[in-house]
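Remarks on the overall topology
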Amino acid sequence: MHASPSIMSLKDLGIDPLKAVVSSVSELYKLPQDTLNTIKADLIIDSFRFHYENNKYYRDACNEKGINPAHIQGYDDLIKIPLIPIAKFKSASNHELLSKPLTAIEHEMRSTGTSGIPSISRRCSGTIDLAVSAIYAMYREFLGISKGAGLYVCPSTEEIPEMGMIKALNMLAGLLDTHRFMVKQERFVPEDAIAQLKTWDKQFTRHIIGPPFLIHRLLQFLKQTGQTLKLDKGSMVITLGGWKRFTGQMISRREFSLMCEEYLGIPANGIRDIYALVESNVVAIDDEHQVKHVSPYVHFSVRDINDLSKEVPAGERGILAILDPLALATPGMILTEDIVSLVPGESPSGRSGQRMEYIMRAPTSLEFGCCAVNLERKMDEDEATENACPVTA
Amino acid sequence: MFNDIIVKNFSNPEFAAEIDNATNTIELGNPVCGDRIKVQLHIEDGVIKKANYAAWGCATSLATGNVFCSHIHGAACSDIQSMDKANIENMLGELDPSQHHCLEMLHKLFEKLQHTIAVQ
């Protein structure tokens, strides 16, 4: 297999192609689709080979399927790459996922869903280097934020330091001038959030950041108390986490957008939802048309629910498989439990690459939500006991 | 980040297994972070004949399960009951601040084991 000339040129110069691509998001989105696919495939093939050679558990799984690096030569072969079911990250044997020794691991991140069993993803320093650059580059590409105030409607990383969702959102705080976390000791008081927003009025562009269900609580409070706020030109509502509450009730994206416009004065193009998975380094962020763009160096393969070896055409629903070349400590070839579809056609934003629509967690999954759901359940239990919050969403 | 004790016990979890004929089970969980350790015991004639575990969570909590089982496997119940808390303090070696919750879990595992033995 021969890598593309662009990747070879970088290697010849002593530049790590992964480090180059994570900081070149805008440039990659401008490439013709075929060129982008070739670059992406080269990176994923390199990654597949590394994990095959350094991870016994993964190598055995590949050999069982009769696949080795010789079988993966280009973009069209990516579908043959064996996938690790995401449940493995929750298993008591998840130590088998390491392709590097534990001494190389710098960080452990977790997501705890409705089952209460944490999914643990381990990253070495090389993966952290890549993930940090990758996430900031995607934030800059789609959010364009470099100043302002962030009302974080979620707990702080101080309270939950290992939770992936909070960690990713907290990184955004580094781009802002100031921020406040409004969930403390699993309690959210909407009056305090509104008071904080008013304190920042005419000083900062105010952004609201957090999982959808908590921002929805704030919106419900504004509605029930007959209050409306007019945030600023350029204000955004940035959400990360599922749209399903712990009760199973879905939060309607359309209703959420209408409420943001009515009660916060933020139009739909200022609402940006993020799809991310603690087990991978991909983020998919809404553009101004509310369409999520996948990190351009990560490949999304949407599989037929009835035959996971086959892909479904763009526009059709299937189970998401992720091929993430940034994962250096554990294989980034993951079969998720999320049902998604890829958006067909050209993007009105002019970007190439994949765009996705998140549909729902697969009904067969033991989890129907991410750590946000677990947090919400805990908050509701506490509030039921203490009767601390006047709002029930 | 990980000391030699954690690396050894995480990488070679010799007590990670299930016991078919367990006489007792000890379980610990942290509802917020989700770390969980389940220890199965086979206690007979005042001796812990078998101790195995399953753990879910960070590498240090997985190692903690193995460290706990390796210390109690084959031990006399009377020795466990007379155990000094100070003995437990160094069992996991030097920990990072983010790993200290595992030492608390280890202490609780011993407390639960002592309680289990006491009520037998």
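Given the structure is predicted, the values throughout are model-derived calculations rather than measurements.

Quick look at the overall build of chain A
When you go through chain A residue by residue, the secondary structure sums to 11 helices and 17 strands. For a compact globule of 393 residues, the expected C-alpha radius of gyration is about 21 Å, and chain A comes in at 21 Å, within 12% of that figure. Once the C-alpha set of chain A is aligned to its principal axes, its extents read approximately 65 × 40 × 40 Å. Looking at chain A as a whole, 47% of its 393 residues are labelled buried.

Comments concerning the overall build of chain B
Secondary structure summary: chain B contains 5 helices and 3 strands in total. Along chain B, helices and strands appear, N-terminal first, in the series α-β-β-β-α-α-α-α. Relative to the 2.2 N^0.38 estimate, which gives 14 Å for 120 residues, the radius of gyration of chain B is 13 Å and therefore close to what a compact globule would have. Per-residue burial for chain B yields a buried fraction of 38% across its 120 residues.

Side note on the sheet that holds strand 1 (residues 24–29) of chain B
Residues and elements named next belong to chain B. Spatially, the 3 strands line up as an open sheet ordered 1-2-3, and their pairing is antiparallel. Single-partner strands in this sheet number two, and they are strand 1 and strand 3 (47–56). When strand polarity is set aside, the average angle formed by the axes of neighbouring strands in this sheet is 15°. Relative to strand 2 (residues 36–44), strand 1 runs antiparallel, the two being bridged by 6 bridges. The residue of strand 2 that forms the bridge with glutamate 27 is lysine 38. Along the sheet, helix 2 (residues 59–72) makes contact with strand 2 and strand 3, crossing strand 3 at roughly 180°. Lying over the sheet, helix 5 (residues 100–118) contacts strand 1 and strand 2, oriented at roughly 150° with respect to strand 1.

What to know about the interface of chain B and chain A
At the interface, 18 residues of chain B touch 17 residues of chain A. Counting only elements with at least two residues in the side of chain B that touches chain A, the list comes to helix 1 (4–11), strand 3 and helix 2 of chain B. Residue composition of the side of chain B that touches chain A, by class: 13 nonpolar, 4 polar and 1 charged.

Points about the environment of B:Glu44
Locating B:Glu44 in the fold gives a position in strand 2. In this structure, the C-alpha to C-alpha distance between B:Glu44 and B:Asn24, residues 20 residues apart in sequence, is 11 Å.

Some remarks on the environment of A:Cys62
Residues and elements named next belong to chain A. For cysteine 62, the position within the fold is in helix 5 (residues 56–64). Sequence separation of cysteine 62 and lysine 80 is 18 residues, and the distance between their C-alpha atoms is 9.7 Å. The residues contacting cysteine 62, other than those within four sequence positions of it, are Tyr52, Ile67, Asn68 and Pro82.

Brief notes about the nonpolar core
With 138 residues, the main nonpolar core has A:Met138, A:Leu151, A:Val153, A:Val237, A:Ile322, B:Val39 and B:Leu109 as its most contacted residues. If near-sequence neighbours (up to four positions away) are discounted, A:Ile322 is found in contact with A:Leu277, A:Ser280, A:Val282, A:Val298, A:Phe300, A:Gly332, A:Ile334 and A:Thr336.

Describing the environment of B:Val39
Residues and elements named next belong to chain B. With respect to the helices and strands, valine 39 occurs in strand 2. For the pair formed by valine 39 and isoleucine 26, sequence separation is 13 residues and the distance between their alpha carbons is 5.1 Å. Not counting chain neighbours up to four residues away, the residues in contact with valine 39 comprise Thr25, Ile26, Ala51, Tyr53, Gly65, Phe68, Cys69 and Leu109.

Points about the confidence of the model for chain B
Counting all residues, the mean pLDDT for chain B is 92, and 98% of those residues have values of 70 or more. Of the two predicted TM-score estimates for the complex, the pTM is 0.89 and the ipTM is 0.85.

Digging into the pairing of strand 2 of chain B
Residues and elements named next belong to chain B. Where strand 2 meets strand 3, 9 bridges bridge the pair, whose relative direction is antiparallel. Of the residues in strand 3, the one forming a bridge with glutamate 44 is valine 47. Linking two consecutive strands that pair antiparallel, namely strand 2 and strand 3, is a turn of 2 residues; a positive phi of about 50° is found at aspartate 45 within it.

Comments concerning the packing of helix 9 (residues 212–224) of chain A against helix 10 (residues 253–264) of chain A
Residue and element names in this part refer to chain A. At a closest axis distance of 10 Å, the pairing of helix 9 and helix 10 adopts a crossing angle of 50°. Overall, the two elements helix 9 and helix 10 adopt an arrangement that is oblique. Seen along the crossing, helix 9 lies across helix 10 with a hand that is left-handed. On helix 10, the residues touching Pro212, His216, Leu219, Leu222 and Lys223 of helix 9 are Phe256, Met259, Cys260 and Tyr263. Looking at the contact of helix 9 with helix 10, its residues break down into 7 nonpolar, 1 polar and 1 charged.

Let's talk about the packing of helix 2 of chain B against helix 5 of chain B
Residue and element names in this part refer to chain B. Their axes nearest at 10 Å, the elements helix 2 and helix 5 cross at an angle of 35°. Remark: the crossing between helix 2 and helix 5 carries right-handed chirality. Contact residues: Thr60, Ser61, Thr64, Val67, Phe68 and Ile72 in helix 2; Cys102, Met105, Leu106, Leu109 and Leu113 in helix 5. When the residues that make up the contact of helix 2 with helix 5 are grouped by side-chain class, the tally is 8 nonpolar, 3 polar and no charged.

Re unusual backbone geometry
Residues and elements named next belong to chain A. The phi angle at glutamine 185 is positive, at roughly 50°, despite the residue not being glycine. Inspection of the secondary structure assignment puts glutamine 185 in the loop between strand 6 (183–184) and strand 7 (187–188). Here glutamine 185 falls in the exposed class, since 8 other C-beta atoms lie within 10 Å of it.

As for the confidence of the model for chain A
Put simply, chain A has an average pLDDT of 91, and 91% of its residues get 70 or more. Below pLDDT 50 for its whole length, residues 387–393 of chain A participates in 14 contacts with residues either more than four positions away or in separate chains.

So, how was this worked out
- Within every chain, residues take consecutive numbers counted from 1 along the sequence as written.
- The order in which chains are written sets their letters, starting at A; the order in which ligands are written sets their numbers, starting at 1.
- The predicted nature of this model means local features are confined to residues of pLDDT at least 70 and side-chain atom pairs, given and counted, to a pLDDT of 80 or more, with totals for whole chains, interfaces and linings taken over all residues.
- Numbered from the N terminus, helices here are DSSP runs of H or I no shorter than four residues, and strands are runs of E no shorter than two.
- Every radius of gyration here is taken over C-alpha atoms, with the globule rule written as 2.2 Å times N^0.38, N being the number of residues.
- Any residue with 12 or fewer other C-beta atoms within 10 Å of its own C-beta is exposed, any with 20 or more is buried, and the rest are partly exposed; the C-beta atoms used are placed from the backbone.
- Strands were regarded as paired on the criterion that DSSP finds at least two bridges between them.
- Interaxial angle, 0 to 180 degrees, is taken between N-to-C directions of lines fitted to C-alpha atoms, where a helix line uses only the stretch in contact.
- Any pair of residues counts as being in contact when their C-beta atoms, constructed from backbone geometry, are within 7 Å of one another.
- Three classes are used, and their members are as follows: Ala, Val, Leu, Ile, Met, Phe, Trp, Tyr, Cys and Pro are nonpolar, Asp, Glu, Lys and Arg are charged, and the others, Gly among them, are polar.
- The nonpolar core is taken to be a set of buried Ala, Val, Leu, Ile, Met, Phe, Trp, Tyr and Cys residues joined by way of C-beta atoms within 7 Å.
- Residue-level confidence of the predictor, termed pLDDT, takes values from 0 up to 100.
- Working definition: roughly parallel below 35 degrees, roughly antiparallel above 145 degrees, roughly perpendicular at 65 to 115 degrees, and oblique for all remaining angles.
- Definitions for this section: a left-handed crossing has its near helix turned counterclockwise from the far helix by less than a right angle. A right-handed crossing has that turn clockwise.

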